[in-house]
Amino acid sequence: MTALEKQKKAKEILFRICRYHDDCHECRCFKPKDETDGDFFCAIRDSNGLIPFDDEWDMADAMISD
């Protein structure tokens, strides 16, 4: 697998986990101080504030260190 193929598969896995997970509080990416929308509390948002559940979520952008 190429690096791009691996990134696409990782994004797909994160999307599925995020979409079918019942409660963000149980997610390993839960960030209680996230006040972006007061709903998801996600630590792996991209620069547009999107979470893995969003189709346009940019994984490469989200993984850049603060």
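Residues numbered from 1 in each chain as written. Predicted model: local features only at pLDDT ≥ 70, side-chain atom pairs only at ≥ 80, totals over all residues. Heavy atoms only, no water.

**Student:** I tried to follow the overall build of the chain on my own but got confused; where do I start?
**Tutor:** Check the secondary structure of the chain and you find 2 helices and 0 strands. Long-range pairs, those at least 24 residues apart, make up 32% of the contacts in the chain with a sequence separation of at least 6. Per element, the accessible surface of the chain, about 5300 Å² overall, is 51% carbon and sulfur. Both charge centroids of the chain, one from 10 positive and one from 16 negative side chains, sit 7 Å from each other. (Helix = DSSP H or I, 4+ residues; strand = E, 2+ residues; numbered from the N terminus. Contact = heavy atoms within 4.5 Å. Areas by Shrake-Rupley, 256 points an atom, 1.4 Å probe, with all protein chains shown as cover. Lys, Arg positive; Asp, Glu negative; His and termini not counted. Charge placed at Lys NZ, Arg CZ, Asp CG, Glu CD.)

**Student:** Is there a simple way to think about the layout of surface pockets in this case?
**Tutor:** The gaps left among the atoms become clear once a water-sized probe is rolled over them. Estimated volume of the largest pocket: approximately 270 Å³. In terms of lining residues, the largest pocket is bounded by 18 residues, among which Ile17, Cys18, His21, Cys24 and Cys27 are the most central. The residue inventory of the lining of the largest pocket, partitioned by class, reads 14 nonpolar, 1 polar and 3 charged. (1 Å grid on protein atoms, 1.4 Å probe; cavity = no way out; pocket = protein on both sides within 12 Å on 5 of 7 lines; lining within 4 Å. Points joined across faces, edges and corners; volume = space filled by probe spheres on them. Nonpolar A, V, L, I, M, F, W, Y, C, P; charged D, E, K, R; others polar.)

**Student:** Honestly, the side chain of Arg45 in this entry has me stumped. Any pointers?
**Tutor:** Here Arg45 is to be found in the loop between helix 1 (3-20) and helix 2 (59-62). Within polar-contact distance, the side chain of Arg45 engages the backbone oxygen of Gly49 at 2.5 Å. (Polar contact = N/O pair within 3.5 Å; in protein donor to acceptor, adjacent residues only side chain to side chain.)

**Student:** Sorry if this is basic, but what is going on with the packing of aromatic side chains here?
**Tutor:** Each pair of aromatic rings is reported with the distance of its centres and the angle of its planes. Inspection of the entire model under this criterion finds 2 aromatic pairs. Ring centres of Phe15 and Phe53 lie 5.9 Å apart, and the angle between their planes is 0°; on these two criteria the pair is classed as stacked. Separated by 38 residues along the polypeptide, Phe15 in helix 1 and Phe53 in the loop between helix 1 and helix 2 bring together distant segments of the chain. Classification of Phe53 by relative accessible area gives partly exposed; the value is 35%. Seen in terms of ring centroids, Phe30 and Phe41 are 6.0 Å apart; in terms of plane orientation they differ by 55°. Their pairing is tilted. Of this pair, Phe30 sits in the loop between helix 1 and helix 2 while Phe41 sits in the loop between helix 1 and helix 2, placing them 11 residues apart in sequence. (Phe/Tyr/Trp six-rings, centres within 6.5 Å; stacked < 30°, edge-to-face > 60°. Buried < 20%, exposed > 50% of the residue type's maximum accessible area, 1.4 Å probe, protein only.)

Read these as layout, nothing more, since geometry by itself doesn't imply function.
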